[in-house]
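Notes for the structure review
These are the residues of each chain, in order.
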Amino acid sequence: MAVSLSKGQKVDLTKSNPGLKNIIVGLGWDTNKYDGGHDFDLDASAFILGESGKVKDEKDFVFYNNPTGAQGAVVHTGDNRSGVGDGDDEQIKIDISKIPADVQKLAFTITIHDADARKQNFGQVSNAYVRVMNEETGAELIRYDLGEDFSIETAIVLAEVYRNGSEWKFNAIGSGFQGGLSALCTNFGLSVA
């Protein structure tokens with residue numbers, strides 16, 4: 001049975017799941033009734049962070065246009081442009097055993113594509129969640145449902161998987177940003193042109 005977390009809670013990932021090697025981080029959402037004339041296109045991303053809490057370079061930003069990072073240990077499975085349907089809207093697969101030693105943390109985010117031009121924000125999104133599954137068994141290990149805490153934000157840091165000694169832990173973040181993807185990139189050490 002999955003551990004269900006609240007904002008700010010941390011739980012171990014590998015200690016209580018010995019031998020865990022391959023995980024899937026699934027992200028999902030629905031859009032509320034919206035009559036703005038544009039589709040909602042939310043994008044899941046992962047920032048691969050070192051000791052400083054920043055990326056080393058742009059290759060450590062994994063998303064639909066750069067689907068592989070951390071020397072192949074982190075793989076984005078593709079862009080879902082509508083969010084329609086049940087289950088995960090986007091997934092990021094991680095081979096924990098292959099994460100380079102200098103990587104301390106993986107931060108998982110969702111942004112709204114072209115949010116300013118489309119006048120969209122996370123106040124118009126519901127049922128957003130992040131979950132961690134054991135890829136080998138399909139078992140859901142951890143789940144964090146965001147709730148309806150957002151209004152004008154256009155980007156959210158959902159959660160982190162981070163190194164704690166020889167183990168990996170999960171942290172439910174739920175932190176909103178204004179400024180969309182560029183604000184997140186700046187926060188994690190990427191310069192945006």
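The protein chain is annotated in an unreviewed UniProt entry as Tellurium resistance protein TerD from Pelosinus propionicus DSM 13327. Entered under Sequence similarities (unreviewed entry) in the UniProt record, the comment concerning the protein chain runs "Belongs to the CAPAB/TerDEXZ family."

To continue, consider the overall build of the protein chain. Assigned secondary structure in the protein chain consists of two helices and 13 strands. Each principal axis of the C-alpha distribution contributes one length, and for the protein chain these read about 50 × 40 × 25 Å. For the protein chain, with 193 residues in total, the buried portion stands at 50%. Summarising the internal contacts of the protein chain: among those between residues at least 6 apart in sequence, 68% fall at separations of at least 24.

Applying the stated criterion across every chain, the model contains four aromatic pairs. Here the aromatic rings of Phe 61 and Phe 63 are separated by 4.4 Å at their centres, their planes lie at 15°, and the arrangement is stacked. An identical accessibility class is assigned to Phe 61 and Phe 63; each is buried. With 5.4 Å between their ring centres and 80° between their planes, Phe 63 and Tyr 64 make a pair best called edge-to-face. Joined through ring pairs, the aromatic side chains of Phe 47, Phe 61, Phe 63, Tyr 64 and Phe 188 make up one cluster. Over the face of the ring belonging to Tyr 129 we find Arg 143, whose NZ or CZ atom lies 4.1 Å from the ring centre.

Spatial strand order, β2-β13-β12-β9-β4-β5: six strands in an open sheet with antiparallel pairing. In the strand order of this sheet, the two ends are held by β2 (10-12) and β5 (61-62), each with one partner. In terms of strand pairing, β2 meets strand β13 (residues 167-177) through three bridges, oriented antiparallel. For Val 11, the partnering residue across the bridge sits in β13 and is Phe 170.

Rules used in this analysis
Residues numbered from 1 in each chain as written. Predicted model: local features only at pLDDT ≥ 70, side-chain atom pairs only at ≥ 80, totals over all residues. Heavy atoms only, no water. UniProt positions renumbered as here; feature names shortened; annotations may be inferred. Helix = DSSP H or I, 4+ residues; strand = E, 2+ residues; numbered from the N terminus. Buried < 20%, exposed > 50% of the residue type's maximum accessible area, 1.4 Å probe, protein only. Contact = heavy atoms within 4.5 Å. Phe/Tyr/Trp six-rings, centres within 6.5 Å; stacked < 30°, edge-to-face > 60°. Lys NZ or Arg CZ within 6 Å of the ring centre and 35° of its normal. Pairing = 2+ DSSP bridges.

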